[in-house]
Amino acid sequence: MDDDLNDLAILSYLGLPADYSPLPSQSPIEFLRTRLHQIPPHLITSFGSVTTAKQRSVIPQIRNRRLRYTETAPKQLEFESAKNRWPQLWVGGERCETRAGEEEKRWARNEFMGGSQQKVGKLGDLLGKYEEEREAERFRHMGRGQDDLPEEEEDSDSDMDDLGGESVEEQRDDFTRRIKELFIYGLLEGADYELADWSEQYDIDVDE
């Protein structure tokens with residue numbers, strides 16, 4: 001199995017001339033954007049050798065696949081697996097979330113929002129709302145940490161941590177949600193994106 005992208009093999013399969021320009025290797029993101037569903041599995045995986053997960057995130061169909069993939073409760077994104085693999089995102093609490101959030105917003109502004117203004121379908125709107133809800137919830141957590149502190153009471157709840165008074169379960173849910181968000185936007189270093197990006201089983205019918 002050859003992992004290198006073969007321009008001639010791809011062009012030949014799609015019935016495109018050998019002098020087609022730009023070549024897939026020269027403009028892989030644009031090629032994937034327009035021909036993702038036409039490229040067969042034995043050829044499409046080679047695009048992983050010339051693109052990064054973050055770069056592929058500008059393609060709506062790729063983000064759609066990742067979102068659908070996260071909804072299947074994959075092992076690599078489950079709490080215990082993710083905590084062991086990315087402990088810095090768990091231990092750092094809000095500081096890590098804020099730092100990663102700023103990187104995500106900067107990427108979205110420069111690469112996604114500032115890029116082409118094509119229609120991205122219903123799922124693009126869903127991801128936008130998802131981002132807004134996450135920001136609103138973060139501010140609610142910040143406010144809760146200041147306004148909802150008990151007066152002169154000892155912390156007697158064993159299931160409460162010292163991150164803004166959140167329960168352990170809430171912290172786990174926040175962490176798991178954050179891991180999934182980072183995965184969708186290609187910011188989760190070391191994650192196996194091949195499982196989602198090249199699999200048609202995670203395609204979403206946006207016509208409904």
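Residues numbered from 1 in each chain as written. Predicted model: local features only at pLDDT ≥ 70, side-chain atom pairs only at ≥ 80, totals over all residues. Heavy atoms only, no water.

Some points on the overall build of the protein
- Secondary structure summary: the protein contains eleven helices and zero strands in total.
- Buried residues in the protein amount to 40% of all 208 residues.
- Long-range pairs, those at least 24 residues apart, make up 70% of the contacts in the protein between residues at least 6 apart in sequence.
- Counting only carbon and sulfur atoms, one obtains 48% of the accessible surface of the protein, whose full area is about 12700 Å². (Helix = DSSP H or I, 4+ residues; strand = E, 2+ residues; numbered from the N terminus. Buried < 20%, exposed > 50% of the residue type's maximum accessible area, 1.4 Å probe, protein only. Contact = heavy atoms within 4.5 Å. Areas by Shrake-Rupley, 256 points an atom, 1.4 Å probe, with all protein chains shown as cover.)

Observations concerning the packing of aromatic side chains
- Taken as a whole and judged by the stated rule, the model has eight aromatic pairs.
- Here the aromatic rings of Tyr 20 and Phe 31 are separated by 6.1 Å at their centres, their planes lie at 85°, and the arrangement is edge-to-face. In this pair, Tyr 20 sits in the loop between helix 1 (7-14) and helix 2 (28-35) while Phe 31 sits in helix 2, placing the two residues eleven residues apart along the sequence.
- Owing to a relative accessible area of 23%, Tyr 20 belongs among the partly exposed residues under this scheme.
- Geometrically, the ring pair formed by Trp 90 and Phe 175 is edge-to-face, given 5.4 Å between the ring centres and 80° between the ring planes. Note that Trp 90 is positioned in helix 7 (residues 87-91) and Phe 175 in helix 10 (residues 168-184), a separation of 85 residues in sequence.
- Its relative accessible area of 22% is what places Trp 90 among the partly exposed residues. (Phe/Tyr/Trp six-rings, centres within 6.5 Å; stacked < 30°, edge-to-face > 60°.)

Some words on the pattern of salt bridges
- The tally for this structure, following the rule as stated, stands at ten salt bridges.
- Note that Arg 33 and Glu 30 form a salt bridge whose closest N and O atoms lie 3.1 Å from each other. Residue Arg 33 and its partner Glu 30 are located together in helix 2, separated by three residues, close to a single helical turn.
- You can call Arg 33 buried: its relative accessible area is 15%.
- One salt bridge connects Glu 80 with Arg 172, and the closest N-O pair in it is separated by 3.9 Å. (Salt bridge = Lys/Arg side-chain N within 4 Å of Asp/Glu carboxyl O.)

Observations concerning the confidence of the model for the protein
- Counting all residues, the mean pLDDT for the protein is 78, and 61% of those residues have values of 70 or more.
- Low confidence marks residues 114-121, where pLDDT is under 50. Its contacts with residues over four positions away, or in another chain, come to seven contacts. (pLDDT = per-residue confidence, 0-100.)

Regarding the nonpolar core
- Counting residues in hydrophobic clusters, the biggest one holds 19 residues, and the most contacted among them are Ile 179, Phe 183 and Leu 188.
- For this core, the secondary-structure elements that each account for two or more residues are helix 5 (60-70), helix 6 (79-85) and helix 10.
- It is helix 10 that contributes the most residues to this core, five residues altogether.
- With residues up to four places along the chain from it excluded, the contact list for Leu 188 reads Leu 77, Trp 86, Leu 89, Ile 179, Leu 182, Phe 183 and Tyr 193.
- Residues Leu 11, Leu 36, Leu 43 and Ile 62 belong to the second largest nonpolar core, which totals 17 residues. (Core = buried A, V, L, I, M, F, W, Y, C linked by side-chain atoms within 4.5 Å.)

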